[in-house]
Amino acid sequence: MRLGPQPSELLDRSSRVIFTFDGLAVGGFPGDTIGSALYASGHRVFSRSFKYHRPRGLLCCSGHCPNCMLTVDGVPNVRVCVEPIRAGAVVEAQNVLGSLNRDLLSVTDKIGGPFTPVGFYYRTMIRPRRLWPLYEKVLRNLAGLGRLREGAGCERRYDVEHRRARVLVIGGGRSGRAAALGAATLGPGVVLVDEGARLAGAELAGVEVLAPGRALGIWEGNLVPVDCGTTLYRFRAERIVVATGALDQPLLFPGNDLVGVMLPDAVRRLIRDYAVRPGDRAVVLAADERDLEVADDLRAAGVAVPRAVDLRSDPLGRIEAHGRRGRVHGVVLDGRRVECDLLVVSAGRQPSYSLLAQAGAEVRYEPTRGIFVPGVLPDSVEATGSVTGEGCGTVNPYRADTGTGRHDKCFVCVCEDVTTKDVARAVGEGFDSIELSKRYTTVTMGPCQGKLCQLPAIRLYARTTGVGEATVGTTTARPPWAPVELGLLAGRHHEPTRRTSIHFRHEEAGAEIMWAGPWKRPYAYGEDPADEVRAVHESLGVIDVSTLGKILVEGPEAAALLERLYPNRFADLKPGRIRYGVLTTDGGRIMDDGTVARLRDDLYYVTTTSTGADAVTAWFEWWNAVWGLEAEIVNVTGALSAVNLAGPLAREALARLTEADLSGEAFRYLDAREIEVAGIPCLALRIGFVGELGYELHFPSPAGEHLWDRLVEEGATPFGLEPQRVLRLEKAHIIVGQDTDSESNLLSAGMSWLPKLDKDDFVGKWAVEHFAEREERERLVGFTMVENVLPPEGAQVVIEGRPAGRVTSARRSEAVGAVIGLAWLPPERATEAGTRFEVGIGRRRYGALVWNGPFFDPGGERMRS
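Fair warning: this is a prediction, and the values are worked out from it, not measured in the lab.

## Some details on the sheet that holds strand β35 (residues 603–608)
Alright, step 1. The strand order β33-β34-β35-β32-β36 describes an open sheet built from five strands, whose pairing is antiparallel. The open sheet has two edge strands with one neighbour each: β33 (577–584) and β36 (632–635). On average, adjacent strands in this sheet sit at an angle of 25 degrees to one another, irrespective of strand direction.
Alright, step 2. Of the strand pairs in this sheet, strand β32 (residues 549–554) and β36 are connected by four bridges, and their pairing is antiparallel. Across the sheet, the residue bridging to leucine 552 is valine 634, located in β36.
Alright, step 3. Taken strand by strand, helix α19 (residues 613–627) contacts β32, β33, β34 (590–600), β35 and β36, and its axis lies near 170 degrees from that of β36.

## Some points on the domain arrangement of the protein
Alright, step 1. When its domains are assigned, the protein resolves into domain 1 (17–115), domain 2 (548–636) and domain 3 (775–865).
Alright, step 2. Taking the mean C-alpha position of each, domain 1 and domain 2 sit 50 Å from one another.

## What to know about the nonpolar core
Alright, step 1. Judged by nonpolar contacts, the single largest core of 45 residues is most densely connected at Phe19, Leu58 and Leu298.
Alright, step 2. Every element with two or more residues in this core is listed here: β1 (17–21), α2 (34–40), β5 (69–72), α7 (264–272), β16 (281–286), α9 (294–300) and β21 (342–345).
Alright, step 3. Broken down by element, this core gets its largest block of residues, five residues, from α2.
Alright, step 4. Here leucine 298 is in contact with Val267, Ile271, Pro278, Ala282, Val284, Val303, Val305, Leu342 and Val344, once residues within four sequence places are set aside.
Alright, step 5. Judged by nonpolar contacts, the second largest core, of 34 residues, contains Cys65, Leu263, Val418 and Tyr440.

## Section: α19
Residues separated by three or four positions in an α-helix point in the same direction, a consequence of the helix having 3.6 residues per turn.
Alright, step 1. With 15 residues, α19 extends 21 Å from end C-alpha to end C-alpha; this agrees with the ideal 21 Å at 1.5 Å per step.
Alright, step 2. Where α19 is concerned, the buried positions are Ala613, Val616, Thr617, Trp619, Phe620, Trp623, Asn624 and Ala625.
Alright, step 3. Backbone geometry just after α19 places glycine 628 at a positive phi near 65 degrees.

## Some details on the pairing of β1
Alright, step 1. Residue alternation in β1 divides its side chains into a buried set, Val17, Phe19 and Phe21, and an unburied set, Ile18 and Thr20.
Alright, step 2. In this sheet, strand β2 (residues 24–28) lies alongside β1 in antiparallel orientation, the contact comprising five bridges. The partner of valine 17 across the bridge, within β2, is glycine 28.
Alright, step 3. The loop that links β1 with its antiparallel partner β2 comprises two residues; one of these, aspartate 22, has a positive phi angle of about 50 degrees.
Alright, step 4. As paired elements, β1 and strand β7 (residues 90–92) share two bridges and run parallel to each other.

## As for the side chain of arginine 349
Alright, step 1. Here arginine 349 lies in strand β22 (residues 348–351).
Alright, step 2. Among the polar contacts listed, one links the side chain of arginine 349 to the backbone oxygen of glycine 391, at a separation of 3.4 Å.

## Some remarks on unusual backbone geometry
Alright, step 1. A cis amide bond links alanine 211 to the next residue, proline 212, at an omega of -5 degrees.
Alright, step 2. Assignment of secondary structure puts proline 212 in the loop between β10 (207–210) and β11 (214–215).
Alright, step 3. The residue after proline 479, namely proline 480, is reached through a cis peptide bond having omega 0 degrees.
Alright, step 4. One non-glycine residue with positive phi stands out, namely glutamate 800, at about 55 degrees.

## Topic: the pattern of salt bridges
Between side chains of opposite charge, a pair can form as their charged atoms come close.
Alright, step 1. Tallied over the full model, the rule gives 56 salt bridges.
Alright, step 2. Note that arginine 56 and aspartate 257 form a salt bridge whose closest N and O atoms lie 3.0 Å from each other. With arginine 56 in strand β4 (residues 55–56) and aspartate 257 in the loop between β14 (246–248) and β15 (261–262), the pair connects residues that are 201 residues apart, well separated along the chain.
Alright, step 3. The exposure class assigned to arginine 56 is buried, which follows from its relative accessible area of 1%.
Alright, step 4. Here aspartate 257 falls in the buried class, since its relative accessible area comes to 4%.
Alright, step 5. Here lysine 759 and glutamate 563 are joined by a salt bridge, their closest N and O atoms 3.9 Å apart. With lysine 759 in the loop between α22 (721–730) and α23 (765–773) and glutamate 563 in helix α18 (residues 558–565), this residue pair connects regions lying 196 residues apart in the sequence.

## Details of the packing of aromatic side chains
Alright, step 1. Taken as a whole and judged by the stated rule, the model has 11 aromatic pairs.
Alright, step 2. Relative to phenylalanine 570, the ring of tyrosine 566 has its centre 5.0 Å away and its plane inclined at 65 degrees; by these criteria the two rings are edge-to-face.
Alright, step 3. Residue phenylalanine 570 is classed as buried on the basis of its relative accessible area of 0%.
Alright, step 4. Judged by centre distance (5.7 Å) and plane angle (75 degrees), the ring pair of tryptophan 619 and tryptophan 623 falls under edge-to-face. On the criterion of helical spacing, the pair formed by tryptophan 619 and tryptophan 623 is a turn pair, its members being four residues apart in helix α19. Per residue, the accessibility class of tryptophan 619 equals that of tryptophan 623, and both read buried.
Alright, step 5. Put simply, the rings of Tyr566, Phe570 and Phe620 touch in pairs and so form one group of aromatic residues.
Alright, step 6. Residue placement shows lysine 451 over the ring face of tryptophan 481; its charged tip is 4.4 Å from the ring centre.

## Considerations on the packing of helix α17 (residues 529–538) against α22
Alright, step 1. Following both chains from N to C, one finds α17 and α22 inclined at 55 degrees, their axes separated by 8 Å at the closest point. Compared by their axis directions, α17 and α22 come out oblique. As α17 runs across α22, the sense of the crossing is right-handed. Residue-level inspection shows Pro529, Glu532, Val533, Val536 and His537 of α17 in contact with α22, the latter providing Glu722, Pro723, Val726, Leu727 and Glu730.
Alright, step 2. Of the residues that constitute the contact of α17 with α22, the class distribution is six nonpolar, one polar and three charged.

## Some remarks on the packing of α18 against α19
Alright, step 1. Running from N to C, α18 and α19 cross one another at 110 degrees; their axes reach a closest spacing of 11 Å. Judged by the angle between their axes, α18 and α19 are roughly perpendicular. Here Leu561, Leu562, Arg564 and Leu565 of α18 come into contact with α19, specifically with Trp619, Phe620, Trp623, Asn624 and Trp627.
Alright, step 2. Class assignment for the residues of the contact of α18 with α19 results in seven nonpolar, one polar and one charged.

## Looking at the pairing of strand β42 (residues 779–785)
Alright, step 1. Across the seven residues of β42, six count as buried, placing the element largely inside the fold.
Alright, step 2. When β42 meets strand β45 (residues 818–825), the two strands line up antiparallel, connected through six bridges. Counted as the bridge partner of phenylalanine 783 is glycine 821 from β45.
Alright, step 3. Judged from the four bridges that link them, β42 and strand β47 (residues 844–851) form a sheet pairing that is antiparallel. Residue threonine 784 lies in a different strand from β47, and its bridge partner there is leucine 849.

Criteria and thresholds
Residues numbered from 1 in each chain as written. Predicted model: local features only at pLDDT ≥ 70, side-chain atom pairs only at ≥ 80, totals over all residues. Heavy atoms only, no water. Pairing = 2+ DSSP bridges. Helix = DSSP H or I, 4+ residues; strand = E, 2+ residues; numbered from the N terminus. Axes fitted to C-alpha atoms, helices over the stretch in contact; angles between N-to-C directions. Contact = heavy atoms within 4.5 Å. Domains from an automatic or database assignment. Core = buried A, V, L, I, M, F, W, Y, C linked by side-chain atoms within 4.5 Å. Buried < 20%, exposed > 50% of the residue type's maximum accessible area, 1.4 Å probe, protein only. Expected span 1.5 Å × (residues − 1). Polar contact = N/O pair within 3.5 Å; in protein donor to acceptor, adjacent residues only side chain to side chain. Salt bridge = Lys/Arg side-chain N within 4 Å of Asp/Glu carboxyl O. Phe/Tyr/Trp six-rings, centres within 6.5 Å; stacked < 30°, edge-to-face > 60°. Lys NZ or Arg CZ within 6 Å of the ring centre and 35° of its normal. Parallel < 35°, antiparallel > 145°, perpendicular 65-115°, else oblique. Left-handed = near helix turned anticlockwise from the far one by under 90°. Nonpolar A, V, L, I, M, F, W, Y, C, P; charged D, E, K, R; others polar.

Structure, rendered in structure tokens:
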């Protein structure tokens, strides 16, 4: 029930927020969470446990435990204790057969103890193997959490932003706010991240506040991803301050999971933040002054507190909670029963050091206080407040006899339903390492990720094995620190089919449309693609290349950014000129390729492969966030269309549509010019991917059909992807992702001329230098077939009867008069032109000869004309 007197907004019924819970209307108020509104309305059972389907109620009210996980608007496993209330939300129970109060699957709690001991599925369900699919189906239906419905969440759009911060403070408590305000006095660039909603909209002088937002981890280079709902911020911080505080630790006693057993901070939040009375009669068992003060909060809220025990001075050898239908109704303290409907317990507070441990901090055990604390921290990472251990300490959490109580189980991990008996059994079976036992019992592997069960489990292991807690050690801290939606990590998904602004002209022309990555593109316009190849070689062709990625890089340090991103040079590229570039990963592997045109001293126009625009944009933004250069990156792929007009008559046809001087002297090969074509402003790039005189025209997308129509009227024959592949192969131009794979590097791909190893640095330089020093394993070369046989892409190269490589591309070329292709060969077979090898096609092998360089117009006179 709500506390009184109530604020005026609570009395105004028009301000109530209505949602449904299992079909029944529930009301709350602005500022409530779904959990607090349900609790105020009298709901006490929020979930059923993972394995035994025991009733579970609010425990932490901080979003760390699994007890309040419900399905909200079709999204499972939502922690409603921290999920803001919203009108019209549809909230449903999960992991139940029946209802929360009457779950038929709770029979597993009655019979499951002796029949389903820890690790039983490893032993009892492995034979007969043919029945495992049935066992698995039964187990998955009986255990687990929420179910993701088909299509649920597909309407959500996720975005990623790359940000920089001078100081990033994680945690918005008193210490975190003080650290942020102190850093702000030294200059701008301070960001405060807090997972609670209480700081949403807060104004701290000189501090940007992101709340609610969860820092998922700390990676190399001070990379901190922050989950802000549908936006993932990837911060690169010069300095990180961790102020994640400390968490109450549960006690281990029979019945410690009953509904009505809560941690002190949960009770404090219900009273102070949501004006909710958590019970009528409470018993408080705590181990520090801060947690004991909750007794005063309860009395002020009108809750009777017949017993409040300081476990430091009154250790209570045995505690046992009793309940009916899963709800606490009393507690036995060293043999004396106290009636209550609320049991507030804490063994003390443990620093929340996981983010620091992920960052590389050492963690040590302090036996005098019974806690693990961070020790030496990595450079540029600091800790402040109770996360350092300030004001923290715990007592031994174990408050049971050698067995569990007469009335109920004693849980060390409420997430996974792991009992103290399970731990003892695991140790008895030889799993006496906390890391091994974690894998066997799944303790610390549940939704809380050890926040509430790691310390009790470690101390229980120490007690069971007879060794110290420092010897037992901790489990490995792994990101993410808090649960995160997979959709947010994956980014945008279920994107609609991409079509260019000229797409319908292709359909009208009878083109065969095919998928090319996310794009729909014309394969060819007639029955024989060779006709289109012939048109480009002999007269004039035009192809829609709007799918190319198009990125603007602008700023005083744009050149410096590209110098670091690409292995070759772009700082010395003159305005109005174009250079081919290949991006490499930090492992030196080929990632993407395209052209880079310098339009002004501070402005570059970058093209990428058709499937690479988004990845390259993210790559540019990532590294620019690392380096902090003054350069803006804008992906303009969708805003601009592009066509390639190619063939011996290209200059003549284009001259009829523009007043620009297209002579070979005024508009040279690899020049970039802004011209007007058919009344449309265009960026014209004089490049030759298809090997003929060509002009690649980039222009506003709405003008796509108009400009296409005018070029066709001037005699250009449309050609599709298949003719383009023949034409590019004649020039031995590679396609990244087809002729290369995730292991291909510039040297093995025949581009040793491209990386400039005398540059100070570029992404992947160390790896490329390493490749240069070691012996090559394979090399990409051209080949011609001895017979007129077309090998499929992926066909094996056979040398001396053994597989020795693979074909990546192959086509018949009229201009060359042979079947040509590219293949990976051992380096000793790839050097000399004319070296013979065989290609396996079906059950037969056919001869092929190595060819070095372009197959057609090797000097490039035609495209440079």
